[in-house]
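In case you want the letters, here they are:
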Amino acid sequence: VRSRRQRQMCIRDRSSVESAIDGTLKLIKGNIIKDSNGSNVVMSRDAEVVILDANSRERSRNRIPKGARLLFKDGSKIVKGDKLVEWDPYTRPIISEKSGIIKYADLLERVSIHEEMNEETGISSKRVIDWRASSQLTKSNPKMKDFSPRLEVHNKAGKIIKLTSGASASYELPVDAILSVDDGQEVFAGDLIARIPLEYRLRDITCLLYTSPSPRD
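Note that the coordinates shown come from a computational prediction; the quantities given were computed from them, not determined experimentally.

K.L.:
Would you take a moment to explain the environment of Glu-199 for this structure?
P.N.:
Structurally, Glu-199 can be placed in the loop between β19 (192-197) and α1 (200-205). Sequence separation between Glu-199 and Thr-91 is 108 residues, and the spatial gap between their C-alpha atoms is 8.8 Å.

This is the structure in structure tokens:
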């Protein structure tokens, strides 16, 4: 039974939201950062895009994942078929919240990261590997206790930058995370710095979008 004003929709393999009607876009709970390419990146986990009709009635509501690119500004007039937002459905992005210089921390070649080549595309990428199985880092090694592969954002003085919350701009990386930046690379707030692949079986059962039916429903 469909609940009032809400209908759950799974986003298996979906990567965007398009408008079904002409109307006005309204952004709810959306913390937006403009990245180095000028794209509007959603930084909040509970952001939603709402479409209002000519009478300012809500006709659709879509929850959008963190890291999605918003293609229209809040309050924009849109037409049926416009793509409103897009994202990569196969990975969870890690996005820098501050501008600065990337510093690899506990990211050691053949210990905690491995560079691999995609035979189909010819593009190489760095992936985090399970350092706990490394012969160079055993439980008897005192460094093992505090070993934590991560990306840090430093200022030009070489000090780690603080976020608005007071926490350090440090992003821990799980096994299989794919790095999108090099050590020493300059990044800007909103830039993608790593991606975490999602399991296909989890994508099948995870529902991130819902659309509210029209008042006639």
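K.L.:
Is there a simple way to explain unusual backbone geometry in this structure?
P.N.:
Comment: phi is negative for the bulk of residues other than glycine, and the bulk of peptide bonds are trans. Of note, the phi angle at Lys-29 is positive, near 55°, even though the residue is not glycine. Tracing the backbone through its elements, the reader meets Lys-29 in the loop between β3 (23-28) and β4 (32-34). Judged by relative accessible area, Lys-29 falls into the exposed class, the value being 57%. Of note in the backbone geometry, Arg-110 takes a positive phi value of approximately 65° without being a glycine. If you trace the backbone, Arg-110 turns up in the loop between β12 (100-105) and β13 (113-117).

K.L.:
What is the right way to read the pairing of strand β6 (residues 48-52) from this model?
P.N.:
If a strand is regular, its side chains alternate between the two faces of the sheet. The element β6 is largely enclosed, with a buried count of five among its five residues. Residues of β6 alternate between two faces, with Glu-48, Val-50 and Leu-52 on one and Val-49 and Ile-51 on the opposite face, all of them buried. Pairing analysis gives five bridges linking β3 to β6, with the strands arranged antiparallel. Following the sheet pairing, Thr-24 is matched in β6 by Leu-52. Between β6 and strand β7 (residues 58-63), which follow one another and run antiparallel, lie five residues, and Ser-56 among them has a positive phi close to 65°.

Calculation criteria
Residues numbered from 1 in each chain as written. Predicted model: local features only at pLDDT ≥ 70, side-chain atom pairs only at ≥ 80, totals over all residues. Heavy atoms only, no water. Helix = DSSP H or I, 4+ residues; strand = E, 2+ residues; numbered from the N terminus. Buried < 20%, exposed > 50% of the residue type's maximum accessible area, 1.4 Å probe, protein only. Pairing = 2+ DSSP bridges.

Remember, this is a structural readout, not a statement about activity or role.
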